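The residues making up each chain are set out below.
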Amino acid sequence: MSILPEQRKAHLLSRVAEYGKLSKKSQFGGYSLMVDEVIFAITADNEFYLKGSGFVETLYKANNMDAYVYLKKGIPITLRYYRITQAIWHNSAKLNQYIDFAYHYSTQEFLGQQKQPRRIKDLPNLGIALEKKLNQVGINRIEELRTIGAKACYLKLIAQPKQGNSDLLLALAGAIVGCHRSVLPNQLKMELLNWYKELSVKSY
């Protein structure tokens, strides 16, 4: 006997109740299902798809769960969501385990993304004021800061009067490696300070 969409939704609701309130929003030609902003499943065409994260993506594929294909402007895009099959719907233990996997691994992925700095101001040692100064000299993204490096960024900044000092150089280096300037690796710190002294001598 086929399980109706209403029954499936009711099962999902009851299973995720311990995690929080289930909500949905229109997305991917259907609806995404989430708890506390963590999307762990989508529903489209009366089918439910669990998000694949980490090893569970391999597990879903091994159990013949097809990936959801979303048509965007007529172009098919395969997403990391996998259809719950009839066989799994009829196996309560496996179904509950897979729902738990989808939620837990989606939560881990979500938290990992939240911890990643999105703007220059979010990096160690920096802030909105220095972000604006870097923007003014053409450095607008974290990737650009890392690619250019601390020394070149420093040189760009001191092209503007009275902005140069060793603390600024070390702050940029710390931002790039992801630490406070006071705990930079000694070898890197000494290299930067020696370079700064040579630069200062040449400027006189």
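Residues numbered from 1 in each chain as written. Predicted model: local features only at pLDDT ≥ 70, side-chain atom pairs only at ≥ 80, totals over all residues. Heavy atoms only, no water.

### Regarding the pairing of strand 3 (residues 38-44)
In step 1: Summarising burial for strand 3: seven of the seven residues are buried, a large majority.
In step 2: Pairing of strand 2 (residues 30-35) with strand 3 involves five bridges; the strand directions are antiparallel. Along strand 3, the bridge assignment pairs Leu-33 with Ala-41.
In step 3: Taking the residues that link successive antiparallel strands as the turn, the strand 2-strand 3 hairpin has two residues, and the phi of Asp-36 there is positive, at about 55°.
In step 4: Taking the residues that link successive antiparallel strands as the turn, the strand 3-strand 4 (residues 47-51) hairpin has two residues, and the phi of Asp-45 there is positive, at about 55°. (Buried < 20%, exposed > 50% of the residue type's maximum accessible area, 1.4 Å probe, protein only. Helix = DSSP H or I, 4+ residues; strand = E, 2+ residues; numbered from the N terminus. Pairing = 2+ DSSP bridges.)

### Focus on the environment of Thr-107
In step 1: Inspection of the secondary structure puts Thr-107 in helix 4 (residues 92-115).
In step 2: Taking relative accessible area as the criterion, Thr-107 reaches 18% and is therefore assigned buried.
In step 3: With 70 residues separating them along the chain, Thr-107 and Glu-37 place their C-alpha atoms 9.2 Å apart.

### Brief notes about helix 5 (residues 128-136)
For an α-helix, 3.6 residues make a turn, and residues three or four places apart therefore share a direction.
In step 1: Of all the residues in helix 5, the buried ones are Leu-130, Glu-131 and Leu-134. One side of helix 5 holds all its buried residues, which, seen down the axis, span an arc of 105°.
In step 2: Considering only its buried residues, helix 5 is in contact with helix 6 (142-148), helix 7 (150-157) and helix 8 (166-177).
In step 3: After helix 5 finishes, the residue Gly-138 shows a positive phi value of roughly 90°. (Arc of directions from axis to C-beta. Contact = heavy atoms within 4.5 Å.)

### Description of the domain arrangement of the protein chain
In step 1: What the domain assignment lists for the protein chain is domain 1 (6-115) and domain 2 (120-202).
In step 2: Each of domain 1 and domain 2 has a C-alpha centre, and these two points are 43 Å apart. (Domains from an automatic or database assignment.)

### Considering the pairing of strand 1 (residues 22-27)
In step 1: Bridge analysis of strand 1 against strand 2 gives six bridges, and the strand direction is antiparallel. Pairing of Leu-22 across the sheet is with Val-35, part of strand 2.

### Points about the side chain of Lys-51
In step 1: Inspection of the secondary structure puts Lys-51 in strand 4.
In step 2: When neighbours within four sequence positions are excluded, Lys-51 is seen to be in contact with Ile-39, Phe-40, Ala-41, Val-56, Tyr-60, Arg-80, Tyr-81, Ala-102, Ser-106 and Glu-109.

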